[in-house]
Amino acid sequence: MELGDLLMGRRIRQNHALEHATVSILSAHTPGLAVSARANYHGFTIFADLDLEAVRRASAEALARMRAGERELAIHPNCGTNLAVGTSVMLAGWLFALMTLRPRARVASAAIGSVAGFASARPLGSVVQRHITTLPEVDDLRIIAIRRRQALGRRFVDVLTATER
């Protein structure tokens, strides 16, 4: 069993990969599209009022392309994983500075930690996505429904998945 499966679960990682690929394809077809999304065990939710047919086409294309070997579709430059990794590096730098350095050196070290966190967010975040938070091996994944829902005056699109196991 892979580390990512232990930490996140295989289905969530597959759905996260499909979410990234779907959003990338939607963005390619709709320049300037700004959405956020969140994967879970049952599929993923796109937090935007989108045309259901466009989401259906994009998610079907995403699934087909990943099955055909386009694994890089699973990695997205704006994934929250990048933010989490960058923030973790920054906080580690700050904690190191607070715990080990003299007061005058702390400010400089905290600044260096902040810059390191910012600079490392995307490259390290991509590595974490590739090995822990996404799984582009989606041969057993299928899309079972795409539906719209509304909460707190906002519209969302749910893409529901299942595995063939």
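Scroll up to find the structure.
If you're wondering where the values come from, they're calculated on a predicted model, not measured in any experiment.

(A) A look at the packing of helix 2 (residues 10-29) against helix 5 (residues 103-133). Interaxial distance between helix 2 and helix 5 falls to 10 Å at its minimum, and their mutual angle equals 135°. In this view, helix 2 runs oblique relative to helix 5, as classed from their interaxial angle. Counted together, R13, H16 and H20 of helix 2 and Q129, R130, H131, I132 and T133 of helix 5 form the full contact between these two elements.

(B) View of the sheet that holds strand 1 (residues 37-40). Strand order in the open sheet made by the four strands is 1-2-4-3, with antiparallel pairing throughout. Unpaired on one side and paired on the other, strand 1 and strand 3 (141-151) mark the two borders of the sheet. Geometrically, the sheet is characterised by an average inter-axis angle of 15° between neighbouring strands, direction not taken into account. Two strands pair when backbone bridges link them, and strand 1 and strand 2 (residues 43-46) are joined in this way by four bridges, in the antiparallel orientation. Looking across to strand 2, one finds that A37 is bridged to I46. Sitting on the sheet, helix 2 is in contact with strand 1, strand 2, strand 3 and strand 4 (154-163), with an inclination near 155° to strand 1. Against the sheet, helix 3 (residues 52-67) engages strand 2, strand 3 and strand 4, with an angle of about 150° to strand 3.

(C) Layout of the packing of helix 2 against helix 3. Direction vectors running N to C along helix 2 and helix 3 enclose 120°, while the axes themselves pass 8 Å from each other. Overall, the two elements helix 2 and helix 3 adopt an arrangement that is oblique. Once helix 2 is placed against helix 3, the crossing between them reads as right-handed. Of helix 3, the residues touching helix 2 (which contributes A17, L18, A21, T22, I25, L26 and H29) are A54, V55, A58, S59, E61, A62, L63, R65 and M66. Tallied by class, residues from the contact of helix 2 with helix 3 come to eleven nonpolar, three polar and two charged.

(D) The arrangement of the side chain of T133 in detail. Structurally, the position occupied by T133 is in helix 5. Judged by its relative accessible area of 8%, T133 is buried. Once residues lying within four places of it in the same chain are set aside, the contact partners of T133 are M8, R13, H16, T81 and V128.

(E) Broad picture of the pairing of strand 3. When strand 3 meets strand 4, the two strands line up antiparallel, connected through ten bridges. What sits directly across from I143, in strand 4, is T161.

(F) Representation of unusual backbone geometry. Its identity is not glycine, yet L152 carries a phi of approximately 50°, on the positive side. Relative to the helices and strands, L152 resides in the loop between strand 3 and strand 4. Judged by its relative accessible area of 89%, L152 is exposed.

(G) Structural view of the environment of S27. Mapped onto the secondary structure, S27 falls in helix 2. Residues S27 and A58 lie 31 residues apart in sequence; the distance between their C-alpha atoms is 9.6 Å.

Criteria and thresholds
Counting of residues starts from 1 at the beginning of each chain's written sequence and follows it residue by residue. Reporting in this predicted model follows two pLDDT cut-offs: at least 70 for local features of residues, and 80 or more for side-chain atom pairs to be given and counted; totals over whole chains, interfaces and linings ignore these cut-offs and use all residues. Only hydrogens and water are set aside; all other atoms, that is, all heavy atoms of the structure, feed into the side-chain values. Helix axes are fitted to C-alpha atoms over the stretch in contact, other axes to C-alpha atoms as well, and angles between N-to-C directions run from 0 to 180 degrees. Numbering of helices and strands starts at the N terminus; helices are DSSP runs of H or I of at least 4 residues and strands are runs of E of at least 2. Working definition: roughly parallel below 35 degrees, roughly antiparallel above 145 degrees, roughly perpendicular at 65 to 115 degrees, and oblique for all remaining angles. Contact between two residues is taken to exist if any of their heavy atoms lie within 4.5 Å; hydrogens are not considered. Strands are labelled as partners when DSSP assigns at least two bridges between them. Two helices crossing with the near one rotated counterclockwise from the far one by less than a right angle form a left-handed crossing, whereas a clockwise rotation gives a right-handed crossing. Gly is put with the polar residues, along with every residue not named as nonpolar or charged; the nonpolar set is Ala, Val, Leu, Ile, Met, Phe, Trp, Tyr, Cys and Pro, and the charged set is Asp, Glu, Lys and Arg. Throughout this description, buried means an accessible area under 20% of the type-specific maximum (1.4 Å probe, protein chains only), exposed means over 50%, and partly exposed covers the range between.

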